[in-house]
Each structure stands twice: as structure tokens, then as C-alpha cells.
Protein chains: 4
Amino acid sequence: MTGLTARQKEIIEVAVKLMAEGGIQNLTMKNIAHAMNISEPAIYRHFESKMDILLSMLTQFKQHSNDHLRSARALNGSRLAQLETIFLEHAGRFANHPHMTAVVFSEEAFQDDPRLADQVVSIMTTADAIIAEVIAEAQHNGEIRTDLPKEHLTLMILGTLRLMVKRWRLSGYAFDLQQESRQVWNSLKMLLAASSSP
Amino acid sequence: MTGLTARQKEIIEVAVKLMAEGGIQNLTMKNIAHAMNISEPAIYRHFESKMDILLSMLTQFKQHSNDHLRSARALNGSRLAQLETIFLEHAGRFANHPHMTAVVFSEEAFQDDPRLADQVVSIMTTADAIIAEVIAEAQHNGEIRTDLPKEHLTLMILGTLRLMVKRWRLSGYAFDLQQESRQVWNSLKMLLAASSSP
Amino acid sequence: MTGLTARQKEIIEVAVKLMAEGGIQNLTMKNIAHAMNISEPAIYRHFESKMDILLSMLTQFKQHSNDHLRSARALNGSRLAQLETIFLEHAGRFANHPHMTAVVFSEEAFQDDPRLADQVVSIMTTADAIIAEVIAEAQHNGEIRTDLPKEHLTLMILGTLRLMVKRWRLSGYAFDLQQESRQVWNSLKMLLAASSSP
Amino acid sequence: MTGLTARQKEIIEVAVKLMAEGGIQNLTMKNIAHAMNISEPAIYRHFESKMDILLSMLTQFKQHSNDHLRSARALNGSRLAQLETIFLEHAGRFANHPHMTAVVFSEEAFQDDPRLADQVVSIMTTADAIIAEVIAEAQHNGEIRTDLPKEHLTLMILGTLRLMVKRWRLSGYAFDLQQESRQVWNSLKMLLAASSSP
DNA sequence: AATGAATGAGTATTCATTCAT
DNA sequence: TATGAATGAATACTCATTCAT
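Numbering of residues starts from 1 in every chain and runs along the sequence as written. To read the labels, note that chains go from A and ligands from 1, taken in the order they are written. Where local features are concerned, this predicted model is filtered to residues with pLDDT of at least 70; where side-chain atom pairs are given and counted, the filter is 80 or more; whole-chain, interface and lining totals use all residues. To get the side-chain values, all heavy atoms of the structure are used, and hydrogens and water are removed first.

- You'll find chain A entered in an unreviewed UniProt entry as HTH tetR-type domain-containing protein, with Vecturithrix granuli given as the organism.

Here you go:
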């Protein structure tokens, strides 16, 4: 349960879109109002402040992210399959909602308020922790090579994912992110593979 | 030759510091003037506009980056050693000038002006191209495994580097970036290694 | 008869309290609604406008004041006793309803609307006239010295009362207004006393 | 030394005039700008904020008040003459600068900010203390009756002065304040007089 | 009798920039 | 080379009020 009204969700959606189009600088109350065909003060019926909108935006994003991570963890398959799901679904989410990349990469803009910054860090930390966990299990399983610390592998997987998405965004969503992510994952899988001949 | 006067460099330095401290929102003409103990109009003696400052900032950053990349390429050692130099020196530069991370991660803020956005893309593309080139050569050499496309390896190396630096920044520069980068590079090297038993 | 419904009285009461707490600036429809746990539009069921609330507030205050003055005038005792009653009961009313001081001393805030300003002047003028009347009678009686014009004595009595209450308010209601008013009245009485040895 | 620039004094003067005309509600940055034929932002070159203007206004008023009190205290004549000077000059100041009454009687509007409220209290307290001091000396001298505590006499003198000025203001400056103040002072003098026949 | 949604007009303040000196 | 004064446009936010339900 999000606890958000339909109108609140609508506002957040518009806000994300505006950020995607022109960065944080484009996210003004005026622009939100314009995009929704209402007056500026009307927004304040639904959110107490602009900060509140940003906070709700991050909270919603965080919830979705955690849901995805949790459902991937619940899968029956191997740990590697869980990792793959996480990687591909993450990319898939962005592919289906390109605007959402704006949220991830506007982290810096959120830096100036402690509450926003905390949320950002919390989102990153959670993803990090869960992926590291899966990797650790996969290493125990013998599914993933054990000659590298799980922290480094986590860093590589997430770093690769992020840069891939960032490039997609910088390119103006010019290539097929989903297809690309599948290929990149295949490469990652080869790197992670436990050496067959010990 | 940079073509920048001493005063211009000073302004850029202050601008970078301000961005590092409080993001793009903190980078105002007023703040620059304050930090330099001059009046706001005085800045316009040195730069035509704020955009000009940002542009010069990116240009300078780009030049330094390219210099580093070029000098690494000029090294006599193996291709892998060149890659290592690129990776470690990149991290080293940030370690010595933490403010500079603000420039890299404010990319999104630069998105709203095409000239700035172009510079950002150009910086990333150049690094990408050169690293891909080194990897290709290393693959030919037999220094790096050939079962993965060079584009993916480039993506992984740069993605890992970026995320490591980002975490360092988000942590408030809390850990030793240089030491961490050495350890991470070691792990990367193991992943890149050509399989010893053909 | 006040002609005010229970709900209207409630609104006025809340309005006075809000003014007492934070001045006229604190008296907003939003704050009234909040304090009463109803919605803003609901207030308009009971008053046509905010101005109407203020007007009713002043009217109510005026009625109470006049009632007090009239009942003091109806007393059987000496004129001086009537004056004393007026002085002490006035102070007593404030002592029991500290919020009410906000109404008296927000006169300036009411200045910007002619209807409100008129009410304020009317309240002051009435008190003035009645006190002057009592003094005149007391002077005739020989209860009060006759070497000073009744207008000046009125000014002094009311001025003293007002400043005493104002200080009480500025002090955050820190002293016992009722006790203080008794002592001050004793002093006033000594000043007003007809010279015993003519 | 005030430490205020000519422009700052001008702004304060305009601000006082606006308050005199329509209360605190009339004192907006827009109105100040309009009255000075400059733009709103221009004001911020001279004062950091609106609060700053109000604070400077009170500080200036306080300084003038204290100067007057001090110079009256420095007079050679009797204590009663000093009191008279204080009373008449106070009234005279208002008579010559009717707008200034707005400052005194907007005390309530200043109540909502602690710094402003403190200044108000400080102004009142200082005048109070000095007048009480003069009265005490005059009582020792035998110039003023000693059967009343100096605090009560102070309250009466200041209260009378304030209410007189307030009425002048409410009347739209309709009577001659200076003449009235002389007559009222004569009455006060008679009340204060030490009884001639001991 | 009451509300959720909305609004036009206004609030203080900030920003990059210009201009006369 | 630098500044003091100024500005148009924008910013987040508030206010009393209206209207359909």
C-alpha cells in the first residue's frame, strides 16, 4: 500500500516526466501545474511542499525497487538465475519507463537536502546489500567463482548496469536497452562463472 | 595551452568547489563572487556568462582527462599496464581533488543545455573509445581474454570505476579511494585475465 | 440578544485565541478551520467573509464592554465607587480572558478597513464618554477634585488602565493583573481625591 | 552614528509612511518599491530581508528615543522640568512626524518575531526606567508628592501620553497634538505636585 | 451542514545580467 | 579592473474565496 491518492500519483508521474525532460531545473511548481492543466496552488492541496513531492517520489521508487528485489529473491531457480532476474528486470523497468532514469541519475540534485540524500543512499545501499547476499550464496553454491570478494562483484554488476542505463539515457534512448542488457548479462555471466576445471 | 587566465582558472576552481559543496544549486554568481571576495559584475570581466564558466569548466576537465589518457597510452609497458594506469590514475585524480567528482556527477545538471550536454558526452565517449582500443590491443596480445566483446569489458571497467567513485562521494569521502581502487583493480584484472589453460 | 449562533460564537472565540497567540497574521481561515477541526469552506456557512468575523468579534466585544459600563453605572454607591468598579472590572475581564487583550491591542490591524476602524473608535469613544460623565458627576458631588478638566482625568484613568494591561500582555501575563489593578487604582484614587482642606 | 546609508534611511522612511497609512498589511516589498520608484529586488541591495528593514526601523526609533531621554536628563533645571521636557518633546516628536506613531502602535504586529518583540519591549522598558528614575529623584527633592510609588506615577504619565497620541492618530491627526500635550501636562503637574501645606 | 478541489491575486525572495561610474 | 545600483523573470508558497457534490 502506497497511501498515495490517485492525484498524488499523477503529480509524481508528471514530476518524474519533467525531470526526465529537463533535469531538476525543469521541475518547478509552475511546470507541474501547466502539465496538469491546473493552477499552482492546486498542487498544495495534494502535497505540502515541493520537497514533499520529491520525497514521495523517492519513497515510491524505493518501494518499487525493493519489491522487485524481494520477488527476485523469492524465485525458485539458482542464485545465478536470481541475479539475472535482478539485472534484467532492473533494465526492463527502465526500458518500459524511460522517465524513471531521471530519478536515479538526479541523485546529485537530491544531495542538498539531508532527507532526500538519505533516501538515495538507502535505495543504493539496499540494492547493494541484497545483491551481495545473493552473490555470497552463489559462491557457496559453487555457482560463482570464489576467488573474488562479493563486494567487488557487486560493485561490478551494479556499476555496469548503471553505466549502461546512463548511456542509454544520454543517447536519448536510442538503442534497445532490453536487448543490450541481455547481451551484457551474458558477458557478465561468463566473467562470474566458476572455473570449470579446478 | 589552456588559453585561460589565472583569474579564470581561479573562478573555475571556486565554481567546482561550490558545486561539490552544494550541487548545481549552490553554483550562483553571488556565491562565486562571495567566495572570491569580489563583486558579481567583476566576474563578467572574465567570463561572458555563467554558461561560459560551466563550458570552460568542462573543457578544462576534458583536457585533463584526455592528457591522462594519452600519457597512459604512451607508456612502454603492456596494454594491461596501460589499462591499470588509466584506472588507478583516474581514481588518483579524484582522490587528490575530491571536488572534481562534483563535475562528473553533475552531468545531469548539464543536460539542459545542448552545448554542455555535448561536452559531457564527448568526455565519456573519448574515454570509452580509448579504453576500448587498449582492450582490443590487449586481446590481440593475448593479455586479456577474448571470449567477451571489448565494448562490454569497457562498460564494466568504466562502470565499476564510476560507481566506486560515486560511493566514495556519497560516503562523504569516508574511505581511502586510492587503496580501494587498487584492490578493485586487482579483482578486475583477475576477471580480465586470459584463461591460462587453452 | 447577540443574534449569534453557538457555532458563530465558537468561531469568534477561536479567532480571538489565534490573534492572541500570533497577532492578526495568525488569523487565517486555514488556522481557524484547523483549530475547529472543520474545513475552510465550512466557515462560510457561518460567516459571509473573514471581515464579517472580525466585525462580529468587535461587535461582541463592544456589547460586553457597554454592558459592563452600564451595569457599573447602575450601582447604588458613590460615583467614585462606580469608577472603581469600571476600572477593576475592566482589568478583571482581561485577567479572566487574557486572549481578549489581543482584540484591544490589535486596533491598528483593524485600521485598514473603515468599518472595523469605526467600531474600534466607537468602543473607545463610548468608554470615554461614560467615564467622563461619571467623573463630571463625581466632581459635582465633591467626590473628585475639581481643579482638573474631566477630559484629562478620563484620559489618565483610561491611559493608565490600557498601559497596565499592555504591559501585562507584553510580559506574557507574568504578573497578577487583578492584584496590580487594585493597587494602581488605590494610587489613582489618591490623585483624584478632592483636597480635604478647602 | 547610525551606520545606515542614505538609501537605507530612505527605505525606512518609506516603510514607516506605508505602515502609517495602512498598517503592517500595507508594508509590502511591492509597496516600498512602488513608493520609491524602484523594483522590488533593488531593495535587497540595501536590506537583506523585510525583517531587516523592520529591525532597522525599530533600532533607529529606539536610538532617537534614547537620545531624547538622555538629553532631557542632561538639563540643568529641576527634575519636574526634566519630566516636562520628556513629556512635551515626546509629543512634539510625534506632532512633527505623525507617521512615527505607526511604529509605536504597531507593536502588536511586531509580536510575532522574537527579535522585533524584544526591541519593542526594550524601547518601552528604557523609557519606563528613566522616567521612574527622574520621579524618584523629584520625590527626594520634594518636587513631587511622595505618597505614591514612583512605578504608579510612571505608569500614569506614560499611559496618559500614549493614549493621547493614540487618540490623535485615530482622529486622523485632527487636533493640535502639541497644544493638547501642554494642557494635559499642566493637569498632570497639578496631580504630581507635592502637597503645599504639610 | 460540510467538504475536496480548485483558483486569482499576492507574498518575500533569488537569479543572471546590465549599466553608469 | 572593479563596483554600486538596479532589473525582468522566475521561485516556492499563502490567502480568502468559490463551486460542484
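On we go from here.
1. With respect to the protein's contact with DNA strand F
Here is step 1 of the chain: Any residue with a heavy atom positioned within 4 Å of a molecule or strand is treated as near that molecule or strand. The environment of DNA strand F is made up of 31 residues, and the closest members are K50 of chain A, R45 of chain B, K50 of chain C together with R7 and S39 of chain D.
Here is step 2 of the chain: Taking all atoms of DNA strand F within 4 Å of the protein, the share assigned to sugar and phosphate is 51%.
Here is step 3 of the chain: For this analysis, a polar contact is any N or O atom pair within 3.5 Å, provided that within protein one partner can donate a hydrogen and the other can accept it, and provided that sequence-adjacent residues contribute only side-chain to side-chain pairs. Within the side chain of Y44 of chain C, one N or O atom sits 3.0 Å away from a phosphate oxygen of DNA strand F.
Here is step 4 of the chain: Take K50 of chain C: an N or O atom from its side chain is 2.5 Å from a phosphate oxygen of DNA strand F.
Here is step 5 of the chain: Labels follow the DSSP assignment, with helices taken as runs of H or I lasting at least four residues and strands as runs of E lasting at least two, numbered in each case from the N terminus. Elements that contribute at least two residues to the surface near DNA strand F include exactly α2 (29–36) and α3 (40–43) of chain A, α3 (40–43) of chain B, α3 (40–43) of chain C together with α3 (40–43) of chain D.
Here is step 6 of the chain: Of the residues belonging to the surface near DNA strand F, the class tally is 14 nonpolar, eight polar and nine charged. Ten residues, namely Ala, Val, Leu, Ile, Met, Phe, Trp, Tyr, Cys and Pro, are considered nonpolar, four, namely Asp, Glu, Lys and Arg, are considered charged, and the remaining ones, Gly among them, are considered polar.

2. Observations concerning the relation of the copies chain C and chain D
Here is step 1 of the chain: All copies are superposed by least squares; the fitting set is the C-alpha atoms of residues with a pLDDT of at least 70 in both. When chain C is fitted to chain D, the residual RMSD is 0.1 Å, and the transformation amounts to a turn of 180 degrees plus an axial shift of 0.0 Å. The two molecules are tied by a two-fold rotation axis, judged by turn and shift. When C-alpha positions in chain C are compared against the rotation axis, the closest is assigned to G159 of chain C, at 2.1 Å.

3. Comments concerning the environment of L18 of chain C
Residue and element names in this part refer to chain C.
Here is step 1 of the chain: Residue placement: L18 occurs in helix α1 (residues 6–22).
Here is step 2 of the chain: When accessible area is computed with a 1.4 Å probe and restricted to protein chains, residues below 20% of their type maximum are described as buried, those above 50% as exposed, and intermediate ones as partly exposed. Judged by its relative accessible area of 9%, L18 falls in the buried class.
Here is step 3 of the chain: Along the backbone, L18 and I32 are 14 residues apart, and their C-alpha atoms lie at a distance of 7.6 Å.
Here is step 4 of the chain: Each residue touching L18, except ones within four places of it in the same chain, is listed here: G23, N26, L27, N31 and I32. Contacts are assigned to residue pairs that have any heavy atoms within 4.5 Å of one another.

4. A short note on the UniProt feature "DNA-binding region" (unreviewed entry) in chain A
Here is step 1 of the chain: Feature annotation in UniProt assigns "DNA-binding region" (unreviewed entry) to the following positions: residues 28–47 of chain A.
Here is step 2 of the chain: Helix makes up 60% of residues 28–47 of chain A and strand 0%, and the two end C-alpha atoms of the span are 14 Å apart. UniProt positions are given in the numbering used here, feature names are shortened, and annotations may be inferred rather than shown by experiment.

5. Side note on the protein's contact with DNA strand E
Here is step 1 of the chain: Surrounding DNA strand E, one finds 31 residues, the nearest of these being R7 and S39 of chain A, K50 of chain B, S39 of chain C together with Y44 of chain D.
Here is step 2 of the chain: Protein-adjacent atoms of DNA strand E, using a 4 Å cutoff, are sugar or phosphate at a proportion of 53%.
Here is step 3 of the chain: In this structure, R45 of chain C approaches DNA strand E through a side-chain N or O atom, which is 3.0 Å from a base nitrogen.
Here is step 4 of the chain: M29 of chain D has a polar backbone atom sitting 3.1 Å from a phosphate oxygen of DNA strand E.
Here is step 5 of the chain: Counting residues per element, the ones that place at least two in the surface near DNA strand E are α3 of chain A, α3 of chain B, α3 of chain C together with α2 (29–36) and α3 of chain D.

6. Considering the packing of aromatic side chains
Here is step 1 of the chain: Within 6.5 Å between ring centres, the rings of Phe, Tyr and Trp (the latter by its six-membered ring) count as paired, and their orientation is classed by plane angle as stacked under 30 degrees, edge-to-face over 60, tilted in between. This model, assessed by the stated rule, comprises eight aromatic pairs over all chains.
Here is step 2 of the chain: Arranged with centres 4.7 Å apart and planes meeting at 65 degrees, the rings of W168 of chain B and Y173 of chain B form a pair that is edge-to-face.
Here is step 3 of the chain: W168 of chain B gets classed as buried once you look at its relative accessible area, which sits at 5%.
Here is step 4 of the chain: Only when the NZ atom of a Lys or the CZ atom of an Arg is both within 6 Å of the ring centre and within 35 degrees of the ring normal do we say a charge sits over the ring. Above the ring of F61 of chain C, the side-chain terminus of R93 of chain C is found at 5.1 Å from the ring centroid.

7. Considerations on the UniProt feature "domain: HTH tetR-type" (unreviewed entry) in chain A
Here is step 1 of the chain: The residues that UniProt annotates with the feature "domain: HTH tetR-type" (unreviewed entry) are residues 5–65 of chain A.
Here is step 2 of the chain: With 74% helix and 0% strand, residues 5–65 of chain A has end C-alpha atoms that lie 20 Å from one another.

8. Topic: the packing of helix α1 (residues 6–22) of chain A against helix α4 (residues 50–73) of chain A
Residue and element names in this part refer to chain A.
Here is step 1 of the chain: Put simply, α1 and α4 touch, their axes get as near as 10 Å, and they point 90 degrees apart. Considered as vectors, α1 and α4 are oriented roughly perpendicular to each other. Contacts from K9, I11, I12, A15, V16 and M19 of α1 reach α4 at I53, L54, S56, M57 and Q60.
Here is step 2 of the chain: Of the residues belonging to the contact of α1 with α4, the class tally is eight nonpolar, two polar and one charged. Angles run from 0 to 180 degrees between N-to-C directions of axes, and those axes are lines fitted to C-alpha atoms, restricted for helices to the stretch in contact. An angle below 35 degrees is treated as roughly parallel, one above 145 as roughly antiparallel, one from 65 to 115 as roughly perpendicular, and anything else as oblique.

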